[in-house]
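# Topology and contacts: notes
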Amino acid sequence: TVANSTIYRITSVRGVVVKDLRINGPNDGNSGVAMDFNYLEDALIQNVHIHGCSQMAVSFEYSFNCLVEECILERSNRPTYGYATAFSNGCQYMTVQNCYFDANRHHGVGGGSVGVNRFLTWTRNTCMWERTFPNIHDLMFRGHVNTENMEFSHNHVQSHPGVPIFQVSGGSSLVDSN
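In this report, we go over the structure that sits alongside the text. (Residues numbered from 1 in each chain as written. Predicted model: local features only at pLDDT ≥ 70, side-chain atom pairs only at ≥ 80, totals over all residues. Heavy atoms only, no water.)

### So, the pattern of salt bridges
- On inspection of all chains with the given rule, the structure shows three salt bridges.
- Between Arg14 and Glu41 there is a salt bridge, with the nearest N and O atoms lying 3.7 Å from each other. In this pair, Arg14 is assigned in the loop between strand 2 (7-11) and strand 3 (17-24) and Glu41 in the loop between strand 4 (33-38) and strand 5 (44-51), connecting sequence segments 27 residues apart.
- Close ionic contact of Asp42 with Arg14 constitutes a salt bridge, the shortest N to O distance being 3.1 Å. Here Asp42, found in the loop between strand 4 and strand 5, pairs with Arg14, found in the loop between strand 2 and strand 3; they are 28 residues apart in sequence, far enough to count as distant.
- Classification of Asp42 by relative accessible area gives partly exposed; the value is 27%.
- Residue Arg14 is classed as exposed on the basis of its relative accessible area, which comes to 62%.
- Taken together, the salt bridges that share partners define one network made up of Arg14, Glu41 and Asp42. (Salt bridge = Lys/Arg side-chain N within 4 Å of Asp/Glu carboxyl O. Helix = DSSP H or I, 4+ residues; strand = E, 2+ residues; numbered from the N terminus. Buried < 20%, exposed > 50% of the residue type's maximum accessible area, 1.4 Å probe, protein only.)

As structure tokens, this is what we get:
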């Protein structure tokens, strides 16, 4: 367990594997990004537990064919960010599966200002919701206008009444068997 730390950027690597890691953030509402990946290809993030890194737990930019699996991502709940998994600026073929999410502002998001995110998949995850910020219009999963082909399938979702679960503002999406 590493307290109050951030793994900053891992950039321009093919085939990187991050396994069996635990990161405890300060859970203070101001901590940064636990894992920030840029220009990765064929990466595997497996059995990682991130607690209390309030801005973002796992963030990818400009990446291709990456898999996040069997992770526990909780308490990324900063009011303006709070992303457990974030794909931005042209990520393609990204999958999050068999993970456990709880008390994040957004369990997953696709966005950014450059490039189009395509084929983002969240499947077979357990998605719990604690209404951390009752005055904010929270969504468990969100695709911004530059996100296409977002899939949310075969997940177990537990939410409070009135909490919207899924929104894609851009291209097509599939919501199936949740």
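### Some details on the nonpolar core
- Of all hydrophobic cores here, the largest spans 35 residues; its most connected members are Met35, Ile45, Ile50, Val58, Phe60 and Trp122.
- Other than its neighbours up to four places away in sequence, Ile45 contacts Val18, Met35, Phe37, Phe60, Leu67, Val68, Glu69 and Cys71.
- Formed by five residues, the second largest nonpolar core is a distinct cluster that contains Val33, Tyr83, Ala86 and Val109. (Core = buried A, V, L, I, M, F, W, Y, C linked by side-chain atoms within 4.5 Å. Contact = heavy atoms within 4.5 Å.)

### Structural notes on a nonpolar patch on the surface
- Together, Phe64, Tyr93 and Phe119 give the surface a local cluster of nonpolar side chains, amounting to about 270 Å² of exposed area.
- By the secondary structure assignment, Phe119 is in strand 13 (residues 117-123).
- Under the relative-accessibility criterion, Phe119 is labelled partly exposed at 32%. (Patch = residues over 30% accessible without salt bridge, like charges linked within 9 Å, V, L, I, M, F, W, Y side chains within 5 Å. Areas by Shrake-Rupley, 256 points an atom, 1.4 Å probe, with all protein chains shown as cover.)

### Re the layout of surface pockets
- The computed volume of the largest pocket comes to approximately 180 Å³.
- Lining the largest pocket are 15 residues, with Met56, Tyr83, Ala86, Ser88 and Gly112 positioned closest to its centre.
- Of all elements in the fold, only strand 6 (56-61), strand 9 (83-88) and strand 12 (106-111) reach the threshold of two or more residues within the lining of the largest pocket.
- Looking at which element gives the most residues to the lining of the largest pocket, the answer is strand 9, with four residues.
- Partitioning the lining of the largest pocket into residue classes produces five nonpolar, seven polar and three charged. (1 Å grid on protein atoms, 1.4 Å probe; cavity = no way out; pocket = protein on both sides within 12 Å on 5 of 7 lines; lining within 4 Å. Points joined across faces, edges and corners; volume = space filled by probe spheres on them. Nonpolar A, V, L, I, M, F, W, Y, C, P; charged D, E, K, R; others polar.)

### Concerning the pairing of strand 16 (residues 147-153)
- Here strand 13 runs beside strand 16; their pairing, made up of six bridges, is parallel. Across the sheet, residue Thr121 finds its bridge partner in strand 16, namely Glu151.
- In the sheet, strand 16 pairs with strand 19 (residues 173-176) via four bridges, with the strands oriented parallel. Bridging across to strand 19, Glu151 finds its partner in Leu174. (Pairing = 2+ DSSP bridges.)

### Notes on the packing of aromatic side chains
- Applying the stated rule across the entire model yields nine aromatic pairs.
- Between Phe141 and Phe152, the ring centres sit 4.6 Å apart and the planes meet at 45°, which makes this aromatic pair tilted. One end of the pair, Phe141, is in strand 15 (residues 141-143); the other, Phe152, is in strand 16, with eleven residues separating them in the sequence.
- By relative accessible area, Phe141 is classed as buried at 0%.
- Judged by relative accessible area, which is 2%, Phe152 ranks as buried.
- An aromatic cluster is present here, built from Phe37, Phe60, Phe87, Phe101, Trp122, Phe141 and Phe152 joined pairwise through their rings. (Phe/Tyr/Trp six-rings, centres within 6.5 Å; stacked < 30°, edge-to-face > 60°.)

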